[in-house]
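The residues making up each chain are set out below.
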Amino acid sequence: MNNFMSKIWGSKRLFIDESLTRTMPSDIAALMLCTNSQNFEKFKSLQSFREILKELGEEIGIYAIQSLQIGAINAICKLKISKLSVLMMVENLSKEGIISKSEYDEISKFLLQLQSDLNENETLNSPANFAFYGKLESLDIISDELKALLSAKSEDELANLVSGTDTGAGANLGANLGEYLDTSASENASENSDTNPGAGFLVCASEFENSLFERTNAAKLNAKDANFTLSVTGVINAGKSSMLNRLLGFDILGTSNIPETANLTLLKGSDKPYAKVKFYDDEELEILGFAQEFRSKFQNQSEAIIEPEKLQEFTSAKYEISKFIKFIELGIKSDFLSDKITVVDTPGLDDSVVLREELTKNFMFSSDAIIHLMNASQSSTKKDMSFIASTLKSSKNNSLIVVLTHADLLSQTELIDALRYARASICEELGAFGFDEGLIENVSYFCIDSHSGRGIGELKSHLFERFFGENSAKADEILSSYKKELSLICEVYLADLQEQNADFSANKSELAQKCENINAEISALNANLAKLKNDLTGAISKLSYDDSTLFAPLKSAILTIKDRVLTDINYSKKNKKQIDFSRLEVIANSGVKDVITDIFRSFSQKISRDISDIKELLGSDFSEVNSLKFDTKKYMDENFAQPNFAKFNESLREIVRKNSDFGALSASFDALFSEFFAKLNLKSSFENIAKTCTAEFKENVLALFASKKSSLDLRQSELENALKAGDENAEQIAKNARLVREKINLVNGLIKRIEQC
């Protein structure tokens, strides 16, 4: 970097912190790297250049440009910016005459040398080095310490936790919290049993503490079980199996010219190898046309455990059983998979089984990352482009990683040309489908040679950054959920401990008065619960979702989708081109999904308004309802399943093959759409989701009050125990008071540490 910067700036080179990292779009990074001492004055006079710098939050000046250049170079090295995308953009600038051929040669030479020493076993950053894993480990430690605190069943156990002499999960609790402990709080225990009757019942793990222990354990397990899913697909001979073997670190998948992965395969990390097959269900077997054959051989079997050594007998298309299998799950020992990653190895885009291809798409579109492999030495196919456009439009993250395989067969110049052609083709396809062409910026590009391992290290590093890096939405969600649950547990526990602590300062008459107040509150709550249930049931029963106007856009949308399909068929026939069925499916499927999503969105908004109205209605009498957080949108999204297009797509292909007359085609499409939407029965499906959503809201409200009652019952029990403990000696009372205050200190310390994660 130092030599490159000195070469393009000469005497104007400024000495700027070379550790700066700055992410930016690849086209902006290319423009910054093309700026030098010769063209800077020309560039800065351009309004568009000044606006770019303004958007980046920079003033126009050599210092800002060189800072951005260093930041972009480091971002490329850390795979936060695609090197290949930048190379393509630099080449475009050269072709447009913005920079000279010699300038292009200098920049491309520099970029191509970056990361050149990585091999298949090296990455720029291992998962363990990401902050995500450090924070996860810290939260796990806090979780273990909290469980140790909650499960302490004697005075000695708690004392050991505080002193650090415990040898179990909480061995470091006292030491870890040393900087947070306020020892003054534990030095003020009263010695008068008349004024401090509460005592020994506090040192035993209560049912309440046991419930918090279970919640803490569940939070840790949920974080542990969270996985990042990587789907891999490509056409035959794209080198998918070879690349996966390199990623996994050893050969496990077939690499012959015959596609061995005829079935969808889930690869999961496991110390002990295992294999499990999942068969299609009855409905899917009927669609495939061999339900009777399956039943005669396997009865009603839904899955089977197999020996890993016999894997090829199930994964290979050479064996008949493969046609009955929906997917295979393999547990294998692999460093790559041990880092919370699950790989979905797909049958590819050349699958003759429409249902299996549809299943593949469903798995991929819900994945956290998708790799699409293309043979660098072969032209991009229409199927490639249709798949990429569909993925960018419909996948969970609207993004894709395009990997050119067999990169060793091409020169660097030829590789860049292949990538540029692929990018232009993707842009063209997005436009042809009517999708946002800006989605092209969500594509990352890599070139690999699976035989030598060249490029595998960079690909791994990119995946690790995407999964575990600071911009990973899923990693952030895992940590946020974990932190939130631990914080809530600590806060609930702390509130209970503080109430118990207050009891030590109360005399018998004050405790008796507290008991009386709690009893009155419980009685009032029991009386209110009956009214709440009636009011809630009554309000929900008045809701109606029999609104046909919400489905009015459906008819016109179907006509539009049908016209687009017919137009595409007509274009192919006029130009004497083979009809691209994959393209027709993308047009039809994406159109149907869009209209259903629009209707569902309107439906969700109506439900959300209804629930808000109920909260407002109940809130006047039951103020607790106002504080209830119920995410209607999240519930609806989680419970809404997109339709299965397998049978639809199969019928669409059949109709096109059988009908050459456009009138007959149009009529057949009308019948196809009518039958498809009749089976979907959207109105009934959405009404059922609305009912379950409002029922869930009702359960949440009742659970809120049940939790309040549980807390009151616990408090009542604590106060009654405190009154009974009044005859204990002053020494025991003081000891128990001190232990409760130590618990308070420890929980406060845990809360502060959670905030820092």
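Residues numbered from 1 in each chain as written. Predicted model: local features only at pLDDT ≥ 70, side-chain atom pairs only at ≥ 80, totals over all residues. Heavy atoms only, no water.

1. With respect to the overall build of the protein chain
So, point 1. For the protein chain, the count of helices and strands is 29 helices and nine strands.
So, point 2. Per-residue burial for the protein chain yields a buried fraction of 51% across its 757 residues.
So, point 3. Of the roughly 35400 Å² of accessible surface on the protein chain, a fraction of 48% belongs to carbon and sulfur atoms. (Helix = DSSP H or I, 4+ residues; strand = E, 2+ residues; numbered from the N terminus. Buried < 20%, exposed > 50% of the residue type's maximum accessible area, 1.4 Å probe, protein only. Areas by Shrake-Rupley, 256 points an atom, 1.4 Å probe, with all protein chains shown as cover.)

2. Focus on empty space enclosed by the protein
So, point 1. Taken as a whole and judged by the stated rule, the model has three cavities of 30 Å³ or more.
So, point 2. Within this model, the largest cavity holds a volume of roughly 100 Å³.
So, point 3. Taken together, Glu358, Lys361, Asn362, Phe365, Ser390, Ser394, Glu585, Val586, Asn589, Ser590 and Lys593 form the lining of the largest cavity.
So, point 4. Among the elements of the structure, helix H17 (354-365), helix H18 (382-394) and helix H24 (581-619) are those that each provide at least two residues to the lining of the largest cavity.
So, point 5. Element by element, the count of residues in the lining of the largest cavity is highest for H24, at five residues.
So, point 6. Partitioned by chemical class, the residues of the lining of the largest cavity number two nonpolar, five polar and four charged.
So, point 7. Put simply, the second largest cavity is a space of about 80 Å³.
So, point 8. Along the wall of the second largest cavity there are ten residues; nearest its centre are Lys361, Ser386, Phe387, Ser582 and Val586. (1 Å grid on protein atoms, 1.4 Å probe; cavity = no way out; pocket = protein on both sides within 12 Å on 5 of 7 lines; lining within 4 Å. Points joined across faces, edges and corners; volume = space filled by probe spheres on them. Nonpolar A, V, L, I, M, F, W, Y, C, P; charged D, E, K, R; others polar.)

3. Regarding helix H20 (residues 456-468)
So, point 1. In a regular helix each residue adds 1.5 Å, so 13 residues correspond to 18 Å; H20 covers 18 Å between its end C-alpha atoms and thus fits that length.
So, point 2. Among the 13 residues that make up H20, 13 are buried, leaving the element largely enclosed by the rest of the structure. (Expected span 1.5 Å × (residues − 1).)

4. What to know about helix H4 (residues 47-55)
So, point 1. Residues of H4 that are buried include every one of Phe49, Ile52 and Leu53, and no others. End-on, the buried residues of H4 take up no more than an arc of 95°, which puts them together on one face. Facing away from the buried side of H4 by over 90 degrees, the exposed positions are Lys54 and Glu55.
So, point 2. Turning to H4, the residues buried within the fold contact helix H2 (26-34), helix H3 (40-44) and helix H5 (62-77).
So, point 3. The first or second residue beyond H4 is Gly57, which carries a positive phi of 75°. (Arc of directions from axis to C-beta. Contact = heavy atoms within 4.5 Å.)

5. Points about the packing of aromatic side chains
So, point 1. Evaluated as defined, the whole model comprises 32 aromatic pairs.
So, point 2. Relative to Phe468, the ring of Phe132 lies with its centre 5.9 Å away and its plane at 15°, an arrangement referred to as stacked. With Phe132 in helix H8 (residues 131-150) and Phe468 in helix H20, this pair connects stretches of sequence that are 336 residues apart.
So, point 3. Since its relative accessible area comes to 2%, Phe468 is described here as buried.
So, point 4. Three or more aromatic residues joined by ring pairs make a cluster, and in this case those are Phe130, Phe132, Tyr133, Phe228, Phe336, Phe464, Phe467 and Phe468.
So, point 5. A cation over a ring is seen here: Lys323 above Phe290, with NZ or CZ 5.3 Å from the ring centre.
So, point 6. When the ring centre of Phe581 is taken as reference, the NZ or CZ atom of Arg657 above it lies at 5.0 Å. (Phe/Tyr/Trp six-rings, centres within 6.5 Å; stacked < 30°, edge-to-face > 60°. Lys NZ or Arg CZ within 6 Å of the ring centre and 35° of its normal.)

6. As for the pattern of salt bridges
So, point 1. Evaluated as defined, the whole model comprises 42 salt bridges.
So, point 2. Here Asp535 and Lys531 are joined by a salt bridge, their closest N and O atoms 2.8 Å apart. Taken as a pair, Asp535 and Lys531 lie in helix H22 (residues 508-541) at a separation of four residues, close to a single helical turn.
So, point 3. Asp621 is paired through a salt bridge with Lys531; the nearest N and O atoms lie 3.3 Å apart. Here the residue Asp621 occupies a position in the loop between H24 and helix H25 (632-639), and Lys531 occupies one in helix H22, the gap between them amounting to 90 residues.
So, point 4. Judged by relative accessible area, Lys531 falls into the partly exposed class, the value being 38%.
So, point 5. Taken together, the shared-partner salt bridges in this structure form one network comprising Glu91, Asp417 and Arg420. (Salt bridge = Lys/Arg side-chain N within 4 Å of Asp/Glu carboxyl O.)

7. Concerning the nonpolar core
So, point 1. Membership of the largest hydrophobic core comes to 136 residues, with the highest contact counts inside it found for Met32 and Phe669.
So, point 2. With 15 residues, H24 is the single largest residue contributor to this core.
So, point 3. Of all hydrophobic cores here, the second largest spans 88 residues; its members include Phe314, Leu337, Leu373 and Cys757. (Core = buried A, V, L, I, M, F, W, Y, C linked by side-chain atoms within 4.5 Å.)

8. So, the packing of H24 against helix H28 (residues 682-724)
So, point 1. With their axes 11 Å apart at the nearest point, H24 and H28 run at an angle of 30° to one another. Judged on the interaxial angle alone, H28 and H24 are roughly parallel. Crossing handedness for the pair H24 and H28: right-handed. Two secondary-structure elements touch here, H24 through Ile596, Ile599, Phe600, Phe603, Ile607, Ile611, Ile614 and Lys615 and H28 through Leu682, Phe686, Glu687, Ile689, Ala690, Cys693 and Phe697. (Axes fitted to C-alpha atoms, helices over the stretch in contact; angles between N-to-C directions. Parallel < 35°, antiparallel > 145°, perpendicular 65-115°, else oblique. Left-handed = near helix turned anticlockwise from the far one by under 90°.)

9. Here we look at the environment of Val344
So, point 1. Topologically, Val344 is positioned in strand S6 (residues 341-345).
So, point 2. Considering only alpha carbons, one finds Val344 and Phe327, 17 residues apart in sequence, at a separation of 9.7 Å.

10. Things to note about the pairing of S6
The two faces of a sheet get side chains in turn, since along a regular strand they alternate between them.
So, point 1. Along S6, five of the five residues are buried, which leaves the element largely enclosed by surrounding structure.
So, point 2. Residues Ile341, Val343 and Asp345 of S6 are buried on one face, and the alternating residues Thr342 and Val344, pointing to the opposite face, are buried as well.
So, point 3. Where strand S1 (residues 228-234) lies against S6, five bridges are found, and the strand directions are parallel. Residue pairing in the sheet places Thr229 in a bridge with Thr342 of S6.
So, point 4. Bridge count for strand S2 (residues 264-269) against S6 is three bridges, and the pairing is antiparallel. Of the residues in S6, the one forming a bridge with Leu267 is Val343. (Pairing = 2+ DSSP bridges.)

11. A closer look at unusual backbone geometry
So, point 1. A positive phi angle is found at Lys340, which is not glycine, with a value near 60°.
So, point 2. On the secondary structure map, Lys340 appears in the loop between helix H16 (335-338) and S6.
So, point 3. On the basis of relative accessible area, Lys340 is assigned to the buried category, the value being 11%.
So, point 4. Backbone geometry places Lys576, a non-glycine residue, at a positive phi of 55°.
So, point 5. On the secondary structure map, Lys576 appears in the loop between helix H23 (553-574) and H24.
So, point 6. Assessed through its relative accessible area of 79%, Lys576 is described here as exposed.

12. Remarks on the confidence of the model for the protein chain
So, point 1. Confidence in the prediction of the protein chain, expressed as mean pLDDT, is 82, and 87% of residues score 70 or more.
So, point 2. Between residues 116-121, whose pLDDT stays under 50, and residues either more than four places distant or in other chains, the model counts 13 contacts. (pLDDT = per-residue confidence, 0-100.)

13. Re the side chain of Asn589
So, point 1. Residue placement: Asn589 occurs in helix H24.
So, point 2. Polar contacts involving the side chain of Asn589 include one to the side chain of Asn649, which spans 3.0 Å.
So, point 3. Asn589 has contacts with Glu358, Phe645, Phe648 and Asn649, leaving out every residue within four places of it along the chain. (Polar contact = N/O pair within 3.5 Å; in protein donor to acceptor, adjacent residues only side chain to side chain.)

14. Some points on the sheet that holds strand S9 (residues 443-447)
So, point 1. With mixed pairing, the nine strands of this open sheet are ordered in space as S4-S3-S5-S2-S6-S1-S7-S8-S9. Edge positions in the sheet fall to strand S4 (303-306) and S9, since each has one partner strand and no second. Looking at each pair of strands side by side, their axes are set apart by 20° on average, direction ignored.
So, point 2. In terms of strand pairing, S1 meets strand S7 (residues 369-375) through five bridges, oriented parallel. Along S7, the bridge assignment pairs Val232 with Ile371.

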